Amino acid sequence: MRPELESEYVEFVRGRLARLHRTAYLLCGDGHRADDIVQATLTALYVNWKKAARADNLDGYTHRILVRRYLDDRRLRWSRVRLGDLPAETVTVVAADHKLGERDELMAALRTLPKGQRAVIVLRYFDDLSVEATAAALDCSVGNVKSQCSRGLASLRSVLNDKQQLETGGRA
Amino acid sequence: MTLEQQLRDRLGTVDVPPSRLDVGNVLAAGRRADRRRTVQVAAGTVLVMGALVALPSVVFGSRGTQHATPTPNQSATAGPPPSGDCTLTKLPVPRAMKNLSARGVDPTGRYIIGVNVSGKPGPKSDPDSADRSQDAQPVLWTDGKVKTLPAPHRSIRLTGVNAGGVVVGLAGDTVNDTVWRWVDGQPQKLRNPAGSWDFSYAFVNAPGDVVATGDTGVLVWRAGSTTATKLPLETGAEVRAFTDDGTLIGQVVSLDRTKVTAYTWTLSGAATKLTAPDGRNVEIFTARGDWVTARIAPAGAAVRWNRKTGHLEDLRLPFPANGINGHGWVVSQDVLVKDTGPVGLTDPTGDFTAPSDIADNGLIVGILNDYQTQNPETGEPDNQPVTWTCR
C-alpha cells in the first residue's frame, strides 16, 4: 500500500479502534472474541483500503464488515471457543460494584436477544446509526430494522424499567 | 428519560474488558494479509491445481504410512514461520457449489468432510427470523473423490468423521437442534431426549459412538443406536474431543462463563480433573489420542501437551488451535506446528488460508479464500476446500 494511503488507514483506525471494540463486545459479549472480530474487520479493511477509502460512508462500510464477521462466526470450528478467561478476582469486583452489576445485567439481557436483533439494537443505540444506515450495514430492509428494533426494545424493557424504578424510588 | 435514551446511556457505560489490539498490531496484521495477497510464490511451495484423485496413496488411505513420532522439545518461535515444506492442493468441488469448506478429516486421512454454505446469514435470509442459519450442504471426499451426501435438512454442518467413514453433523433452522449420522452415506437422525436442544459440537470415534454437546447437557449415541443417553455431567460441561478409547475431553464452564475447569470423562460420566503438567488451569481446544492442545489460563497462551508423558510446550500461537493429530502436530490459522517448529500454510497467490484439521499421516484440510473476489450475495470471499501435505 502506498504510504499516503496507509497513513489514511492508520488515522482511521486510531480514531475508531476503541469504539469498534466496544461495538464488537456488545455484540458478542466476550472481550477476546471482540478483539478477533475487530482484527478480522480491520484486516479486511486494510486489504481493500484503496476501494474502501472511496466509499461514500466508510463507517457504514466498516460496520457492515464487522457485523458480517459477527453474524457469520460459525464458519470456523473455534468460533465457539471462549477466547479468554477472567481471573476470579475480577468477578468479585464486578459483583461488589453496584453500577457494574447493572451493566452486567444489561449485557446478560443483550445476550438473550437473537443475534440479528442484538446487532440492530447495538448499531442503533450505541453506534447511533440511523434506521437506514443500520439497514445498509445489516443488508436488510428498513422495515426489518424497525421491527427488530421494536422487538429488541420490548425484550430489554424490563431491565431498563427496573433501573428507572430504582432511580425514581420505585414509584409505580 | 425515554427508553431509547436510557439504552443509549447504558450501552455507553458497559464495562468492556481491555483490548489487546492497538494501531500497531492492527497495521501489522493488515500488512501481513496484504503481503499474502500480493507476494509471489514462496520458495518451494507448489500449488497443484485440479482434482486430488491422482495423488499417491501416501496422502489417502495410507493407514500404515506415518511420520515418525516427534519428540517435541523445541519451542515454536515467534515471527513469521518459514513456508515451503507444504504442498497445497485444491480439492474437487461438486458443480454449483461455490462456497465449500473442508472442515475435518479422519485420523487416516482417507475421509474429508466439507460444508457448502450459501445464502446470507442474519436478517435478509428471512425478514421474519433474523437468526435463520444459512443453507449448508454436506460433502464427503473419499480417497479424494467428492460426493454430496444426502441432506435431510436445508442447513447441515458436518463436524466429525471416523476412520470407517461414519460422518456426524448438526442441523437446524436457527439453532443446531438435531444431530445426524451418515453410515455408508445414508443419513440417520439421532433422537434427542425431551426438551429443546442447541448443539455446538458432535464427534464420532473409531468404534462409531457419537457424542454431542448441547446447551442443556452432553448426549451419547452408541454405534448402531439412535437413542441418546444423557451423561451425568456437571452443568456447563462441554466436550471438545472424543478419543478412540472412549475418553471425553473438555471442560465445565461456570454459569457466568468466567471460570473454566478442564476434565476427562468416561462414557459412564466418571470425571477426572485435567490440569496442565505444571498445574495450571487449561481450556481445551481439541485433542487426539494422548495429545491435547489448549489455552493456559489466564495468560491465553496456546500449548500442546502429551497426557501420557507430561511433555508441555508453549506454541505461542496468536490464534486458537483448530486441530491436532496423533503425533502432536497442531494446526492453527495459516500455520502448522510440527515437532521441529512452525511451518506457514500460505498460498502462493497470497489468498487467505485457514486449516481446520490434520490427520495422523500429516494431511491437513482447510479453506482458501480470496479477499479480492467477494460473493455478491454474501459480501464475503468464497471458500475453496484445500489440503496441504507437509514434509
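Residues numbered from 1 in each chain as written. Chains lettered and ligands numbered in written order. Predicted model: local features only at pLDDT ≥ 70, side-chain atom pairs only at ≥ 80, totals over all residues. Heavy atoms only, no water.

1. Comments concerning the overall build of chain B
When helices and strands are tallied, chain B shows two helices and 29 strands. Considering only contacts in chain B between residues 6 or more positions apart, those separated by 24 or more positions represent 49%. For chain B, the exposed surface amounts to about 15500 Å²; the carbon and sulfur share of it is 51%. (Helix = DSSP H or I, 4+ residues; strand = E, 2+ residues; numbered from the N terminus. Contact = heavy atoms within 4.5 Å. Areas by Shrake-Rupley, 256 points an atom, 1.4 Å probe, with all protein chains shown as cover.)

2. Some thoughts on the packing of aromatic side chains
Residues and elements named next belong to chain A. A complete count under the given rule lists seven aromatic pairs over all chains for this structure. An angle of 85 degrees between the planes, with centres 4.9 Å apart, marks the rings of tyrosine 9 and tyrosine 46 as edge-to-face. Of this pair, tyrosine 9 sits in helix α1 (residues 3-28) while tyrosine 46 sits in helix α2 (residues 31-47), and the two are 37 residues apart along the sequence. We classify tyrosine 46 as buried; its relative accessible area is 3%. Members of the aromatic cluster, joined through ring pairs, are Tyr9, Phe12, Tyr46 and Trp49. (Phe/Tyr/Trp six-rings, centres within 6.5 Å; stacked < 30°, edge-to-face > 60°. Buried < 20%, exposed > 50% of the residue type's maximum accessible area, 1.4 Å probe, protein only.)

3. Comments concerning the nonpolar core
By size, the foremost hydrophobic cluster in this structure holds 60 residues, and its most contacted members are Tyr9(A), Leu42(A), Leu45(A) and Leu7(B). Sorting elements by how many residues they give to this core places α1(A) first, with twelve residues. Those residues in contact with Leu42(A), other than ones at most four positions away along the chain, are Tyr9(A), Val13(A), Leu17(A), Leu20(A) and Val26(B). Val211(B), Leu231(B), Val239(B) and Leu248(B) belong to the second largest nonpolar core, which has 15 residues in total. (Core = buried A, V, L, I, M, F, W, Y, C linked by side-chain atoms within 4.5 Å.)

4. So, the state of the cysteines
Any covalent bond linking the sulfur atoms of two cysteines counts as a disulfide. Residue and element names in this part refer to chain B. In this structure the tally under the stated criterion is one disulfide over all chains. What pairs with cysteine 86 in a disulfide is cysteine 390, and their sulfur atoms sit 2.2 Å apart. On the S-S bond that ties cysteine 86 to cysteine 390, the torsion sits near 110 degrees, and the link is right-handed. One end of the pair, cysteine 86, is in strand β2 (residues 86-90); the other, cysteine 390, is in strand β29 (residues 381-390), with 304 residues separating them in the sequence. (Disulfide = S-S within 2.5 Å.)

5. Quick look at the side chain of His63(A)
By the secondary structure assignment, His63(A) is in helix α4 (residues 58-71). What His63(A) contacts, discounting residues up to four positions off in sequence, is Leu20(A), Leu123(A), Asp127(A), Leu129(A) and Ala137(A).

6. Some points on α4(A)
All names here are of chain A. For α4, spanning 14 residues, the distance from its first C-alpha to its last is 20 Å, which sits close to the expected 20 Å at 1.5 Å a residue. In terms of residue burial, α4 counts as a mostly covered element, since twelve of its 14 residues are buried. Of the residues making up α4, those classed as buried are Leu58, Gly60, Tyr61, Thr62, His63, Ile65, Leu66, Val67, Arg68, Arg69, Tyr70 and Leu71. (Expected span 1.5 Å × (residues − 1).)

7. Observations regarding the sheet that holds strand β16 (residues 248-253) of chain B
Residue and element names in this part refer to chain B. Spatially, four strands are ordered β15-β16-β17-β18 in an open sheet, and the strand pairing comes out antiparallel. Among the strands making up the open sheet, the edge pair consists of β15 (237-242) and β18 (271-273). Taken pair by pair, the neighbouring strands of this sheet meet at an average axis angle of 35 degrees, ignoring direction. (Pairing = 2+ DSSP bridges. Axes fitted to C-alpha atoms, helices over the stretch in contact; angles between N-to-C directions.)

8. Digging into the sheet that holds strand β3 (residues 100-105) of chain B
Residues and elements named next belong to chain B. Spatially, the four strands line up as an open sheet ordered β3-β4-β5-β6, and their pairing is antiparallel. Strand pairing shows two members of the sheet lacking a second neighbour, β3 and β6 (145-148), which therefore form its edges. Between one strand axis and the next, the sheet turns by 30 degrees as a mean value, whatever way the strands run. Looking at chain direction, strand β5 (residues 135-142) and β6 are connected through four bridges and run antiparallel.

9. Some remarks on the packing of α4(A) against helix α7 (residues 115-125) of chain A
Residue and element names in this part refer to chain A. The interhelical angle for the contact between α4 and α7, taken along N-to-C directions, is 150 degrees, at an axis separation of 11 Å. By the angle class used here, α4 and α7 are roughly antiparallel. Considering only the axes of α4 and α7, their crossing is right-handed. In this structure, α4 uses His63, Val67, Tyr70 and Leu71 to contact α7, whose residues at the interface are Lys115, Gly116, Arg118, Ala119 and Leu123. Class assignment of the residues belonging to the contact of α4 with α7 gives a composition of five nonpolar, two polar and two charged. (Parallel < 35°, antiparallel > 145°, perpendicular 65-115°, else oblique. Left-handed = near helix turned anticlockwise from the far one by under 90°. Nonpolar A, V, L, I, M, F, W, Y, C, P; charged D, E, K, R; others polar.)

10. Focus on the pattern of salt bridges
Using the criterion set out here, one finds 17 salt bridges over all chains in the structure. The salt bridge involving Arg8(B) is made with Asp128(A); its shortest N-O contact spans 3.1 Å. Taken together, the positions of Arg8(B) in helix α1 (residues 3-11) and Asp128(A) in the loop between α7 and α8 (131-138) put the pair across two chains. Among the ionic pairs, Glu238(B) bridges to Arg240(B), the shortest N-O distance being 2.8 Å. (Salt bridge = Lys/Arg side-chain N within 4 Å of Asp/Glu carboxyl O.)

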